[in-house]
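# Descriptive structure summary
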Amino acid sequence: AADPRGIEAKRARARMMVDAGAAPEAAHPGRTWDDLMDAYLDGVQLAPRTMERNTSSLRQLYPSFTGRLLAELTGADVRAYRAKREEDGVAPGTISREIMLMSAATNWAIRELEWAIPNPWAGRAPAPTPPRERWLSRDEAARLIEAAEAMGRRCLRNLYLSDFIRLCLYSGLRPGEAIQMEWRRVDLERGLVLFDAGHGPGGQKSGAAGSVPLNQHARVALLSRRRAVPDGCQWVFPGKKPECPQNDMRKGFAACVKLADLADVHPHDLRRTFASWLVQDGVDIQRVSKLLRHNDISITHRVYAHLAPDTLADAAAVL
């Protein structure tokens, strides 16, 4: 029960082979780090965004591990890699992602391919960095929207910014989900944004089909978009070419933040603000987690639970 995927059992079998005089590489002659990564990337279905991150990690891992025999990799090798990355000033979260990728790939090969190999990566990633806590007060949000509207009045090219900010702020959509949204997935009558199954442009991070409810503010933002977008255009936020979605949102957003005289505000902070406001207004973590579409409620709890109103005093007062 403690080892449902049988990873430890397969490692034990590998140790038995070693005790019997057959080294792991004898069972799988010459398996290298490159063989592992080729097999893992071919054999595992990953979301495009995850694949992009993994590719970035592999670019960093490659010079240190290409050609190395898996059976000869040790914890010392992983510690040396981590130390080198830290010396180069790389963020702990990035190093952790690289090491965890290797641990996941190794466990996958042990489980699915029954490779008799060690996993020196397990448990050697840096501790995760604390989650980013930047969210907007209601006054800051109002200033940001006001700045976006001012930019839209000055230049029609920036007209979309206030609608984008309102939509993300009041629906909890990820910036990429909002900017890539097609009208076919907007159901204003039922007040929903729909997601396709899979990891295509109309999907969400989890790959599952789903929906997001639209409150009055988010609905107003979409109605504003409907009036601004040419008839027949498939995108809620079209780019310079109507057949393509907006793709330079970050530059405009940064200018908007500066105009509003705010500091350290990123597009994803709009989603974080949506959740923070809900928690502070007493919405329970389970409901917030469902609205954010987190696969694991512990993620929601770790990032937002400390913002909840302190009801312990009220509970104790019952006595």
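Before reading on, note that the structure itself is shown above.
Right, let's walk through the structure included here. Bear in mind that the values here come from a model prediction, so they are computed numbers and not experimental data.

The final tally for this structure, using the stated rule, is 18 salt bridges. Among the ionic pairs, Glu149 bridges to Arg166, the shortest N-O distance being 2.5 Å. Here the residue Glu149 occupies a position in helix H7 (residues 138-154), and Arg166 occupies one in helix H8 (residues 160-171), the gap between them amounting to 17 residues. We classify Glu149 as partly exposed; its relative accessible area is 29%. The partner of Glu182 in a salt bridge is Arg184, with the nearest N and O atoms 3.3 Å apart. Its relative accessible area of 10% is what places Glu182 among the buried residues. Each of the salt bridges in this network shares a partner with another, and the network as a whole consists of Arg132, Asp264, Asp269 and Arg272.

It is worth spelling out empty space enclosed by the protein at this point. This model, assessed by the stated rule, comprises two cavities of 30 Å³ or more. Lining the second largest cavity are Arg132, Glu133, Trp135, Arg272, Ser276, Val303, Tyr304, His306 and Leu307. Taken together, the elements giving at least two residues each to the lining of the second largest cavity come down to helix H12 (268-280) and helix H14 (297-304). Its residues assigned to classes, the lining of the second largest cavity shows four nonpolar, two polar and three charged.

Reading the values: the criteria
Residues numbered from 1 in each chain as written. Predicted model: local features only at pLDDT ≥ 70, side-chain atom pairs only at ≥ 80, totals over all residues. Heavy atoms only, no water. Salt bridge = Lys/Arg side-chain N within 4 Å of Asp/Glu carboxyl O. Helix = DSSP H or I, 4+ residues; strand = E, 2+ residues; numbered from the N terminus. Buried < 20%, exposed > 50% of the residue type's maximum accessible area, 1.4 Å probe, protein only. 1 Å grid on protein atoms, 1.4 Å probe; cavity = no way out; pocket = protein on both sides within 12 Å on 5 of 7 lines; lining within 4 Å. Points joined across faces, edges and corners; volume = space filled by probe spheres on them. Nonpolar A, V, L, I, M, F, W, Y, C, P; charged D, E, K, R; others polar.

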